[in-house]
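# Secondary and tertiary structure notes
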Amino acid sequence: MRAAILTDVTKCIGCEECVMACKKTNHQAADVPRRWDAGDGLTSRNWTAIVSGPAQSHVRKQCRHCLEPACVSACPVGAMHKTGIGAVVYDASKCMGCRYCMMACPYGIPRYEWESAVPYVRKCILCYDRISNGQQPACTEICPTKATIFGDRDALLAEAHRRIAEKPDLYWNKVWGETEAHGSSVLYISNVDLSLLTDGHAIPSDPLPEKTAVAMGA
């Protein structure tokens, strides 16, 4: 199984139950707004957030858990790691605080504990402990409308295309995360353009680690 999440933007009501479940499961303290935050709701204490989109839509933002993650390839000490089940996790004991992962991520996901005297990088880890024990991530388990669901990536891709084919007048004919940066484990279907997740810039379909392989190898 390649663990994955499919988020259907048309079903999201913006209740933020997923946000609260993430904070509770990962024992995150209450967030304190900082002027250096990007303004998208993600911080070192918020690993998922609901972003307001066009047409009163609500879009969940989180780590995409890329199939070939740029953050992993850019980390010179192996603090970022792609697990066999698909989650991209972080080992704070190896991190030297260079923040290359933050620069490498095409989605601008990893955040830094700027307020801490001993800062770490923070991001969604796809509830790795839970899925390793046969459970699903806290965010998908709590969702009251099943706007975000958990399963095998191939099965969720098939479900995404089935929904698009069934209601072509509702959905854009695209599964976000299927091919960008060689694909990711967090997928989206939507009735609105989701370029807001990347601040409008296009993500190539080629694996991003190929662009840094020579430098990192040296």
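Everything here concerns the structure above.
First things first, this report covers the structure right here in the doc. (Residues numbered from 1 in each chain as written. Predicted model: local features only at pLDDT ≥ 70, side-chain atom pairs only at ≥ 80, totals over all residues. Heavy atoms only, no water.)

Turning to the environment of A30, a few remarks are in order. Following the sequence through the fold, A30 ends up in the loop between helix 1 (17-25) and strand 2 (49-52). Its relative accessible area of 58% is what places A30 among the exposed residues. Distance in space between the C-alpha atoms of A30 and G53 is 25 Å, their sequence separation being 23 residues. (Helix = DSSP H or I, 4+ residues; strand = E, 2+ residues; numbered from the N terminus. Buried < 20%, exposed > 50% of the residue type's maximum accessible area, 1.4 Å probe, protein only.)

Across its 14 residues, helix 6 (residues 153-166) extends 20 Å between first and last C-alpha, which sits within 8% of the 20 Å expected from 1.5 Å per residue. Within the span of helix 6, buried status applies to R153, L156, L157, A160, R163 and I164. One side of helix 6 carries all its buried residues, which in axial view fall inside an arc of 125°. Away from the buried face of helix 6 by more than 90 degrees, exposed residues A165 and E166 are located. Packing partners of the buried residues in helix 6 comprise strand 1 (3-8), strand 8 (148-152) and strand 9 (186-189). (Expected span 1.5 Å × (residues − 1). Arc of directions from axis to C-beta. Contact = heavy atoms within 4.5 Å.)

Counted according to the given criterion, the structure contains two aromatic pairs. Where Y112 meets W114, the ring centres are 4.8 Å apart and the plane angle is 70°; that geometry is what we call edge-to-face. Ring centres of W172 and W176 lie 6.0 Å apart, and the angle between their planes is 50°; this geometry places the pair in the tilted category. If you follow R64 out to its NZ or CZ, it ends over the ring of Y107, 4.3 Å from the centre. A cation over an aromatic ring shows up here: R99 above the ring of Y112, its NZ or CZ 4.8 Å from the ring centre. (Phe/Tyr/Trp six-rings, centres within 6.5 Å; stacked < 30°, edge-to-face > 60°. Lys NZ or Arg CZ within 6 Å of the ring centre and 35° of its normal.)

With that out of the way, let us pick up the pattern of salt bridges. Opposite charge on two side chains lets them pair, provided their charged atoms get close. Counted by the stated rule, this structure contains eleven salt bridges. Measuring nitrogen to oxygen at the nearest pair gives 3.3 Å for the salt bridge that ties R2 to D154. One end of the pair, R2, is in the segment before strand 1; the other, D154, is in helix 6, and 152 residues separate them in sequence. A salt bridge links E180 to K174; the nearest nitrogen and oxygen atoms lie 3.0 Å apart. (Salt bridge = Lys/Arg side-chain N within 4 Å of Asp/Glu carboxyl O.)

We now examine the pairing of strand 2. Of the strand pairs in this sheet, strand 2 and strand 3 (residues 58-61) are connected by four bridges, and their pairing is antiparallel. Pairing of A49 across the sheet is with K61, part of strand 3. Hairpin connection, strand 2 to strand 3: the antiparallel pair is bridged by five residues, and A55 has positive phi, about 55°. (Pairing = 2+ DSSP bridges.)

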